[in-house]
Amino acid sequence: MKKIMMQACAKAGDVLEVTFSKNFYVRNQKSFTLYEDGKILRKLLPVSQSESGSSYLYTLFTKGVEYRPGHLYQIKTTENYFIPIDISFLATTEEFERKYRDDGPLGALYGKEGTTFRVFSPFATSCVLKIQRKGEYSFHAYVMDRDDEKGTFEKFVEGDLDSARYFFSVKVFGEIADVVDPYAYGLGHNSLYAYVIDPEKVRRISTNDEMLPPFPGKMSSIIYECDVRDMTSLTDWEGKGTYEAFCREGMKTKGGLPMGIDYLSSLGVSHIQLLPVLDFQTIDDDDPSSGYNWGYDPSFYFAPEGSYTKNPDDPYERIMELRSLVGSLHRRGLRVSFDVVYNHVFSHLYNSLSLLVPQYYFRHNNDGSLSNGSGCGNDLESRHYMCRRLIVDSLLHMVDFYGADAFRFDLMGIVDIETIRQAFQAVEKKKENVMFYGEGWDLWTNLPADEKATQYNSSKMPFCGFFNDRFRDVVKGKTGESELGVRGYLSGDTNYRDGFKHVFLGSSVALAFAPMFNHPGQSLNYVECHDNHTLYDKLKCCCGDESEEDLFRRIKMMTVAILTARGIPFFHAGQEIGLSKGGIGNSFDAGDKVNGFDWKKLDERKDLYHFFQDAIHITKRMEDLIGNQRDELGSLITFENLPYGAIKVNFNLRDFSIFILFNPTKHSFTYSFDDYSQLLFNETGNVEKEDFYIKLAIVNGLSVSIYLSRREGK
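Computed from a prediction, not measured in an experiment: that's the story for all the values here.

## Here we look at the packing of aromatic side chains
Then, number 1: All chains considered together, the criterion is met by 52 aromatic pairs.
Then, number 2: The interplanar angle of 45° and the centroid separation of 4.8 Å between the aromatic rings of Phe-96 and Tyr-100 together place this pair among those described as tilted.
Then, number 3: Using a relative accessible area of 4% as the deciding quantity, one classes Phe-96 as buried.
Then, number 4: Between Phe-466 and Phe-517 the ring centres are 6.0 Å apart and the planes differ by 20°, which places this aromatic pair in the stacked class. Taken together, the residues Phe-466 in strand β24 (residues 464-467) and Phe-517 in the loop between α10 (497-504) and β25 (523-525) connect sequence positions 51 residues apart. Taken individually, Phe-466 and Phe-517 each receive the classification buried, so the pair is uniform in this respect.
Then, number 5: Put simply, the rings of Tyr-301, Phe-338, Tyr-342, Phe-407, Phe-409, Phe-424, Phe-436 and Phe-463 pair up and form one aromatic cluster.
Then, number 6: When the ring centre of Tyr-56 is taken as origin, the NZ or CZ atom of Lys-22, which lies over that ring, is 5.4 Å away.
Then, number 7: Across from the ring centre of Tyr-100, 5.1 Å away, lies the NZ or CZ of Lys-99, which sits over that ring.

Laid out in structure tokens, this is it:
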């Protein structure tokens, strides 16, 4: 039997559209009657009638009707059918956005004597809270009280409700929907229910913030991006792919090298960036191995992802395990950055935000369609007060519950500048030295250009960092599928030498290109991240005629360039040892074999691993030598063009100079220094002999070397 369909939808401009499916017989409608809360408002005559292959459409004018959220509007046919009217267009108006706001806490506010539940749903005519206490089999229903001014519903329920399941049954436009709390701190498997959480239980596990080393500044940071599942998915460990497995200690490769969290702490980086760990949609918590996803398909913004825990139906387990993971990293002196996705949700139709307040949380084009700059079908409307509140509250919760030290914003250019600014101010008050950075791409979202949190507006967000795609493209070459054969400076195209000078200075000076940033501290210098091909796969395409050893030498050069250039160094897991994804660029759902960290390769390429450690060590030594001249460093760096397109970078400091020689060609040549200089580092790593001084250097092909020259008497 085909479903009977009757719909009524109010539009801006005093228009009401009533639709009947053709499989449901209705007489020709000469008139309709408009009702509010069961009372007649007026008669309405259709001004036009049309039909499609499946339905009839009547258009009515409703001039003078003032719809009020929280009231039920219906249109009655001549056969006495009552059709609820969707008035969600109001959510896109300035009047609605200004009126319906609430600064009070939302969600399940736990106390041992009772819990207060609060939810924002201005259109709802009723909201029933349903609770299943721990150990009970049935749900208890509580009618919630509506605040007409703010558009929220609230209910205090006595008793200790720790670990109780709950959901909201809301009636919106005559339809009842069961909705999981978007502010839920705890979720069960596949996010079917929200759970009441006692924050004090969570805080019993320390995040070990006090064990973090002093933070000298964001330009002393080194960010290393990895995925919870990927770090252990290719092991034979019990519970691989989980939070718990990620922080397992004492694990070794067959060659005796550290694995997992021990590997991360051995690298010398400062920040571990975790790909999304907030709840996302497309992985079955009960059978994670049946699918794969990075997590850029968000569902909820306060609870951790359930597929990363061994017991997804225990709401505390995922919370405690993620908090323990952060605590384990902090104990090793590693700060933690959370990758957050506030630009879209997986499905706007079925997301709790849409069910509670249709249309409000999502950005629309002028024709009423959803803005789709994200390419995922919907963009969050971050300018709306309660949407901005959601983002800020979520970030504060990540700091409070999980000890987050930094945030990487996915497709940040879809979010507005004011939201990012307010979020930073709020989070900075809660945690010192917090870092904000993100993808500042200019995407086609329906937001004025001067309001977008893009790299082009970086001057309006001096506190925020941006992924420097110019650095990426100049150093390694273009990233698009059709441009994989295009080389950059360190992959062999020496025409980019002046461009390399520009990006080495943090893309903040007018040299070869116009500046991107006012300060190099806004530049995240990188050549590989989870998106696009790995560096190794890129080099296999653009330098396909070279030996693998030559490719590794190029990887080493790029490692040093990222670490020593002005800005914030950023690396993706496995980049340091040349891991491959088999030539797959966008591997977001390509599975464990493609995305997992290949620990066997670590044993095979341990020289690359040790080189990476040495490169970080020499970078930190350079920082120590530079000391209090760090802030003026930009004006102290000069460049010298060398034969065949190679380059010498000079750090001209008061008491000494540091020279870095990059030779991305296969030509070897000699270089004569003005004075004897100490060789500190070359393509083999740190030079062990402290008294290795030379005046005439042999510059090998595909090499990088670092020298120190002290002023006479220093």
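## Regarding the sheet that holds strand β14 (residues 152-158)
Then, number 1: Strand order in the open sheet made by the 4 strands is β9-β10-β14-β13, with antiparallel pairing throughout. In this open sheet, the two edge strands, each paired with only one partner strand, are β9 (107-109) and β13 (145-147). For this sheet, the mean inter-axis angle between neighbouring strands, taken without regard to orientation, is 25°.
Then, number 2: Sheet analysis places β9 next to strand β10 (residues 114-120), joined by 3 bridges and oriented antiparallel. Residue pairing for β10: Ala-108 is matched across the bridge by Phe-117.

## Things to note about α10
Then, number 1: Across the 8 residues of α10, 7 count as buried, placing the element largely inside the fold.
Then, number 2: Residues of α10 that are buried: Arg-497, Gly-499, Phe-500, Lys-501, His-502, Val-503 and Phe-504.
Then, number 3: Looking at the buried residues of α10, the elements they touch are α9 (469-476), α12 (548-564), β27 (637-641), β28 (647-652) and β29 (656-663).
Then, number 4: One or two steps after α10, the chain reaches Gly-506, where phi turns positive at roughly 75°.

## Quick notes on the packing of helix α11 (residues 535-542) against α12
Then, number 1: Relative orientation of the contacting elements α11 and α12 amounts to 125°, with a least axis distance of 10 Å. Judged on the interaxial angle alone, α12 and α11 are oblique. For α11 against α12, the interelement crossing comes out right-handed. On α12, the residues that touch Leu-535, Tyr-536, Leu-539 and Lys-540 of α11 are Glu-548, Leu-551, Phe-552, Arg-554, Ile-555 and Met-558.
Then, number 2: For the contact of α11 with α12, the class distribution of residues is 7 nonpolar, no polar and 3 charged.

## Considering the sheet that holds β24
In sheet architecture, strand pairing relies on hydrogen bonds along the backbone and comes in two forms, parallel and antiparallel.
Then, number 1: Around the barrel, 8 strands lie side by side as β19-β20-β21-β22-β23-β24-β25-β26; this closed barrel has parallel pairing. Looking at each pair of strands side by side, their axes are set apart by 30° on average, direction ignored.
Then, number 2: Strand direction decides the pairing type here: strand β22 (residues 406-409) and strand β23 (residues 435-438), joined by 4 bridges, are parallel. Within β23, the position partnered with Arg-408 by the bridge is Tyr-437.
Then, number 3: Strands in contact with helix α7 (residues 385-402) are β21 (335-340), β22 and β23; relative to β22, the strand with the most contacts, it is inclined by about 140°.

## A closer look at the packing of helix α5 (residues 315-331) against α7
Geometrically, a packed helix pair is captured by the angle between its two axes and the distance between the axes.
Then, number 1: Between α5 and α7, whose axes approach to 9 Å, the crossing angle comes to 75°. Between α5 and α7, the angle is such that the two are roughly perpendicular. Contacts from Ile-319, Leu-322, Arg-323 and Val-326 of α5 reach α7 at Asp-400, Phe-401 and Tyr-402.

## Let's talk about the side chain of Ser-523
Then, number 1: One can find Ser-523 in strand β25.
Then, number 2: Within the structure, Ser-523 has its side chain in polar contact with the side chain of Asn-525 (distance 2.6 Å).

## Focus: the layout of surface pockets
Then, number 1: Approximately 1,000 Å³ is the volume attributed to the largest pocket.
Then, number 2: As for the largest pocket, its lining consists of 32 residues, of which Gln-7, Asp-86, Val-172, Phe-173 and Glu-175 are closest to the centre.
Then, number 3: Among the elements of the structure, β1 (6-11), β2 (15-21), β8 (82-86), β16 (175-179) and α6 (352-356) are those that each provide at least two residues to the lining of the largest pocket.
Then, number 4: Split into classes, the residues belonging to the lining of the largest pocket amount to 19 nonpolar, 8 polar and 5 charged.

## A word on the pairing of strand β4 (residues 39-44)
Then, number 1: In the sheet, strand β3 (residues 32-36) pairs with β4 via 5 bridges, with the strands oriented antiparallel. When the bridges of β4 are listed, Tyr-35 appears paired with Ile-40.
Then, number 2: What sits between the antiparallel neighbours β3 and β4 is a turn of 2 residues, in which Asp-37 has the positive phi angle 50°.

## Remarks on the pattern of salt bridges
Then, number 1: With the rule as written, the count across this model stands at 44 salt bridges.
Then, number 2: Put simply, Asp-162 and Lys-201 hold a salt bridge, and the shortest N to O gap is 2.5 Å. Of the two residues, Asp-162 is situated in the loop between β14 and β15 (165-172) and Lys-201 in helix α2 (residues 199-202); the sequence distance between them amounts to 39 residues.
Then, number 3: Looking at Asp-162, the relative accessible area reads 13%, which means it is buried.
Then, number 4: Since its relative accessible area comes to 25%, Lys-201 is described here as partly exposed.
Then, number 5: Among the salt bridges present, the one from Lys-666 reaches Asp-550, with a minimum N-O distance of 3.7 Å. One end of the pair, Lys-666, is in the loop between β29 and β30 (669-682); the other, Asp-550, is in helix α12, with 116 residues separating them in the sequence.
Then, number 6: Judged by relative accessible area, Lys-666 falls into the partly exposed class, the value being 48%.
Then, number 7: Residues joined by salt bridges that share partners form a network here, namely Arg-487, Asp-545, Glu-546, Asp-550, Arg-554 and Lys-666.

## Examining the environment of Asp-284
Then, number 1: Counting through the fold element by element, Asp-284 comes out in the loop between β20 (271-274) and α5.
Then, number 2: A residue is classified by how much of its surface remains accessible, and Asp-284, at 30% relative accessible area, is partly exposed.
Then, number 3: Between the C-alpha atom of Asp-284 and that of Pro-312, which follows or precedes it by 28 residues, the distance is 9.9 Å.
Then, number 4: Apart from residues no more than four positions distant in its own chain, Asp-284 is found in contact with Asn-190 and Ser-290.
Then, number 5: Among the polar contacts made by the side chain of Asp-284, one reaches the main-chain amide nitrogen of Asp-286 at a distance of 2.9 Å.

About the cut-offs
- Residues numbered from 1 in each chain as written.
- Predicted model: local features only at pLDDT ≥ 70, side-chain atom pairs only at ≥ 80, totals over all residues.
- Heavy atoms only, no water.
- Phe/Tyr/Trp six-rings, centres within 6.5 Å; stacked < 30°, edge-to-face > 60°.
- Buried < 20%, exposed > 50% of the residue type's maximum accessible area, 1.4 Å probe, protein only.
- Helix = DSSP H or I, 4+ residues; strand = E, 2+ residues; numbered from the N terminus.
- Lys NZ or Arg CZ within 6 Å of the ring centre and 35° of its normal.
- Pairing = 2+ DSSP bridges.
- Axes fitted to C-alpha atoms, helices over the stretch in contact; angles between N-to-C directions.
- Contact = heavy atoms within 4.5 Å.
- Parallel < 35°, antiparallel > 145°, perpendicular 65-115°, else oblique.
- Left-handed = near helix turned anticlockwise from the far one by under 90°.
- Nonpolar A, V, L, I, M, F, W, Y, C, P; charged D, E, K, R; others polar.
- Polar contact = N/O pair within 3.5 Å; in protein donor to acceptor, adjacent residues only side chain to side chain.
- 1 Å grid on protein atoms, 1.4 Å probe; cavity = no way out; pocket = protein on both sides within 12 Å on 5 of 7 lines; lining within 4 Å.
- Points joined across faces, edges and corners; volume = space filled by probe spheres on them.
- Salt bridge = Lys/Arg side-chain N within 4 Å of Asp/Glu carboxyl O.

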